[in-house]
Amino acid sequence: MAGWVYRENNVPKYQAYFQKHDGLRTWEKARGKWMIPAYKAVLYTSLSASMYMMGRLVLGHKTWFGKN
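Residues numbered from 1 in each chain as written. Predicted model: local features only at pLDDT ≥ 70, side-chain atom pairs only at ≥ 80, totals over all residues. Heavy atoms only, no water.

1. Some details on the overall build of the protein chain
Okay, step 1: A count of helical and extended segments in the protein chain gives four helices and zero strands.
Okay, step 2: When its helices and strands are written in sequence order, the protein chain yields α-α-α-α.
Okay, step 3: Radius of gyration (C-alpha) of the protein chain: 23 Å, far over the 11 Å computed for a compact globule of 68 residues.
Okay, step 4: Considered along the principal axes of its C-alpha atoms, the protein chain spans approximately 70 × 35 × 15 Å.
Okay, step 5: Expressed as a percentage of its 68 residues, the buried residues of the protein chain come to 7%. (Helix = DSSP H or I, 4+ residues; strand = E, 2+ residues; numbered from the N terminus. Rg over C-alpha atoms; globule rule 2.2 N^0.38 Å. Buried < 20%, exposed > 50% of the residue type's maximum accessible area, 1.4 Å probe, protein only.)

2. Overview of the UniProt feature "transmembrane region" (unreviewed entry) in the protein chain
Okay, step 1: Per the UniProt record, "transmembrane region" (unreviewed entry) is found at residues 41-59.
Okay, step 2: Its end C-alpha atoms 27 Å apart, residues 41-59 is made of 95% helix and 0% strand. (UniProt positions renumbered as here; feature names shortened; annotations may be inferred.)

3. With respect to the side chain of R56
Okay, step 1: For R56, the position within the fold is in helix α4 (residues 35-58).
Okay, step 2: Excluding residues within four positions of it along the chain, R56 makes contact with H61, T63, W64, F65 and G66. (Contact = heavy atoms within 4.5 Å.)

4. Topic: the environment of G55
Okay, step 1: Of note, G55 is situated in helix α4.
Okay, step 2: Taking the relative accessible area as the measure of exposure, G55 reaches 32% and is therefore partly exposed.
Okay, step 3: The spatial distance from the C-alpha of G55 to the C-alpha of Y14 is 48 Å, given a sequence separation of 41 residues.

5. Looking at the pattern of salt bridges
Okay, step 1: A full pass over the atoms with the stated rule returns two salt bridges.
Okay, step 2: Put simply, E8 and K13 hold a salt bridge, and the shortest N to O gap is 3.0 Å. Like K13, E8 is exposed.
Okay, step 3: The salt bridge partner of K29 is D22, with a shortest N-O separation of 3.4 Å. (Salt bridge = Lys/Arg side-chain N within 4 Å of Asp/Glu carboxyl O.)

6. Quick word on the environment of A49
Okay, step 1: Residue placement: A49 occurs in helix α4.
Okay, step 2: For A49, a relative accessible area of 27% corresponds to the partly exposed category.

7. A word on α4
Okay, step 1: Helix length check: α4, at 24 residues, gives a terminal C-alpha distance of 35 Å against a target of 34 Å (1.5 Å per residue), a fit within 8%.
Okay, step 2: The complete set of buried residues in α4 reads I36, M53 and R56.
Okay, step 3: In this fold, the buried residues of α4 make contact with α3 (26-31).
Okay, step 4: At the C-terminal side of α4, G60 shows a positive phi close to 95°. (Expected span 1.5 Å × (residues − 1).)

Here it is in structure tokens:
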């Protein structure tokens, strides 16, 4: 318990990090540099796949490739 009470105060470090003017939004700083691009890749891939298949269904094809 003493390690919890008498530990170093990291608030000034995090405050300086989040208030630094480096052109990034707060949510970009908090989530890391890899999470948002990975999320966008999954988002755009699924959106593109849905649009592709909706277009094929409009044309009467019920499979991903081929005529049927």
